[in-house]
Amino acid sequence: MRVLVVEDEPLLADAIAEWLRDETHAVDIAYDGAAALERAGVNDYDVVVLDRDLPAVHGDDVCRALVGAGSAARVLMLTAAAEVTDRVNGLSLGADDYLTKPFAFPELAARVQALGRRSRPAAPPVLRRAGITLDPARREVFRDSRYVPLSKKEFAVLAELLRADGAAVSTEHLLEKAWDEHADPFTGAVRLAVLKLRRKLGDPPVVETVTGVGYRIP
């Protein structure tokens, strides 16, 4: 998934991003509300982790703007305010979930994962196609009962290909979902990840190149 973390405390923002990247998500960071709206206007995010108490452009205003623009991103609002009225106010702005500080990173990651499932068409918990089985929860991949060890990027690319259910997936889509905004679209990162993925999945080849479009698993 593509996640935007909006938090004005750099150490906390970086820690959240690192934890979510370990969960195989592509994560961008914005340290203020203005930067968050700029990134949301350029990139399609599945989930936005939004600190409510931001300087300059307040988190409430960011949430209103995302909802008003028709963004498909699910919003997880973070705040130190723990009163029920604060949570109700946050949800009434259009936030999809609310988490008070301090929080446990595993809980935040689980909430992001749950919101991500709601932001896209429902997919089976375990993805299967062409003899490949991918378990997102356990981070395991098997081909014909053989365990296939994959890197985080290879796992994310394979998951997107399996979710497409046989349709072609563009290089741009894979880059957007598996890498963050710092990825150079001209580096050939996707092509290299697919090459390694093919090698690890073994014969017969299962990932097809669709000329002028991208890749698919038929």
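The notes below deal with the structure included here.

Conventions used here
Residues numbered from 1 in each chain as written. Predicted model: local features only at pLDDT ≥ 70, side-chain atom pairs only at ≥ 80, totals over all residues. Heavy atoms only, no water. Phe/Tyr/Trp six-rings, centres within 6.5 Å; stacked < 30°, edge-to-face > 60°. Helix = DSSP H or I, 4+ residues; strand = E, 2+ residues; numbered from the N terminus. Buried < 20%, exposed > 50% of the residue type's maximum accessible area, 1.4 Å probe, protein only. Pairing = 2+ DSSP bridges. Axes fitted to C-alpha atoms, helices over the stretch in contact; angles between N-to-C directions. Contact = heavy atoms within 4.5 Å. Parallel < 35°, antiparallel > 145°, perpendicular 65-115°, else oblique. Nonpolar A, V, L, I, M, F, W, Y, C, P; charged D, E, K, R; others polar. Expected span 1.5 Å × (residues − 1). Polar contact = N/O pair within 3.5 Å; in protein donor to acceptor, adjacent residues only side chain to side chain. Right-handed = clockwise from strand over helix to strand, strands pointing away.

## Structural notes on the packing of aromatic side chains
At step 1: Tallying each qualifying case throughout the model produces three aromatic pairs.
At step 2: Summarising the aromatic geometry, the rings of Trp 19 and Phe 105 are spaced 5.4 Å apart at their centres and angled 25° between planes, so their arrangement reads as stacked. One end of the pair, Trp 19, is in helix 1 (residues 10-22); the other, Phe 105, is in helix 5 (residues 105-118), and 86 residues separate them in sequence.
At step 3: By relative accessible area, which is 33% here, Trp 19 ends up partly exposed.
At step 4: Overall, Phe 105 belongs to the partly exposed group, its relative accessible area being 24%.

## Some remarks on the sheet that holds strand 5 (residues 97-100)
At step 1: Pairing in this open sheet of five strands is parallel, and the strands run 2-1-3-4-5 from one edge to the other. The open sheet has two edge strands with one neighbour each: strand 2 (26-30) and strand 5. When strand polarity is set aside, the average angle formed by the axes of neighbouring strands in this sheet is 20°.
At step 2: Strands in contact with helix 1 are strand 1 (2-6), strand 2, strand 3 (47-51) and strand 4 (74-79); relative to strand 2, the strand with the most contacts, it is inclined by about 170°.

## Focus: the pairing of strand 7 (residues 132-135)
At step 1: The pairing of strand 6 (residues 127-129) with strand 7 spans three bridges and is antiparallel. Looking at the pairing, Arg 128 lines up with Thr 133 of strand 7.
At step 2: What sits between the antiparallel neighbours strand 6 and strand 7 is a turn of two residues, in which Ala 130 has the positive phi angle 55°.

## A closer look at the packing of helix 6 (residues 152-163) against helix 8 (residues 189-201)
At step 1: Viewed as axis vectors pointing N to C, helix 6 and helix 8 meet at an angle of 85°, and their least axial separation amounts to 10 Å. One element, helix 6, and the other, helix 8, form an angle in the roughly perpendicular class. In contact with Glu 154, Val 157, Leu 158 and Leu 161 of helix 6, helix 8 contributes Ala 193, Val 194, Lys 196, Leu 197, Lys 200 and Leu 201.
At step 2: Tallied by class, the residues present in the contact of helix 6 with helix 8 amount to seven nonpolar, no polar and three charged.

## Observations concerning helix 6
At step 1: The first and last C-alpha atoms of helix 6 sit 17 Å apart over 12 residues, in line with the 16 Å expected at 1.5 Å per residue.
At step 2: Within helix 6, nine of the 12 residues are buried, which leaves the element mostly enclosed by the surrounding structure.
At step 3: Listed as buried for helix 6 are Glu 154, Phe 155, Ala 156, Val 157, Leu 158, Ala 159, Glu 160, Leu 161 and Leu 162.
At step 4: Taken from the residues just after helix 6, Asp 165 is the one with a positive phi, measuring 55°.

## Some remarks on unusual backbone geometry
At step 1: Looking along the chain, the bond that leaves Lys 101 and enters Pro 102 is cis, with omega of -5°.
At step 2: By the element assignment, Pro 102 lies in the loop between strand 5 and helix 5.
At step 3: For the bond running from Asp 203 to Pro 204, omega is -5°, close enough to zero to count as cis.
At step 4: Residue placement: Pro 204 occurs in the loop between helix 8 and strand 11 (208-210).
At step 5: Positioned with a positive phi, Thr 24 is a non-glycine residue whose angle comes to about 75°.
At step 6: Along the chain, the position of Thr 24 falls in the loop between helix 1 and strand 2.
At step 7: Even without being glycine, Ser 145 reaches a positive phi, approximately 75°.
At step 8: Relative to the helices and strands, Ser 145 is located in the loop between strand 8 (140-143) and strand 9 (146-147).
At step 9: Given a relative accessible area of 72%, Ser 145 falls into the exposed group.

## Remarks on the side chain of Glu 154
At step 1: The residue Glu 154 is located in helix 6 in this model.
At step 2: Of the residues examined, Glu 154 reaches a relative accessible area of 4% and is grouped as buried.
At step 3: Of note is the side chain of Glu 154, whose polar atom sits 2.9 Å from the backbone nitrogen of Ser 151.
At step 4: Those residues within four positions of Glu 154 in sequence are excluded, and the remaining contacts are Ala 193, Lys 196, Leu 197 and Lys 200.

## Quick notes on the pairing of strand 2
Walk down a regular strand and you will see the side chains alternate between the two sheet faces.
At step 1: With five of five residues buried, strand 2 lies mostly within the body of the structure.
At step 2: Residues Ala 26, Asp 28 and Ala 30 of strand 2 are buried on one face, and the alternating residues Val 27 and Ile 29, pointing to the opposite face, are buried as well.
At step 3: For the handedness criterion, the β-α-β arrangement of strand 1, helix 1 and strand 2 is classed as right-handed.

From the geometry alone we can't say anything about function, so treat these as descriptive.
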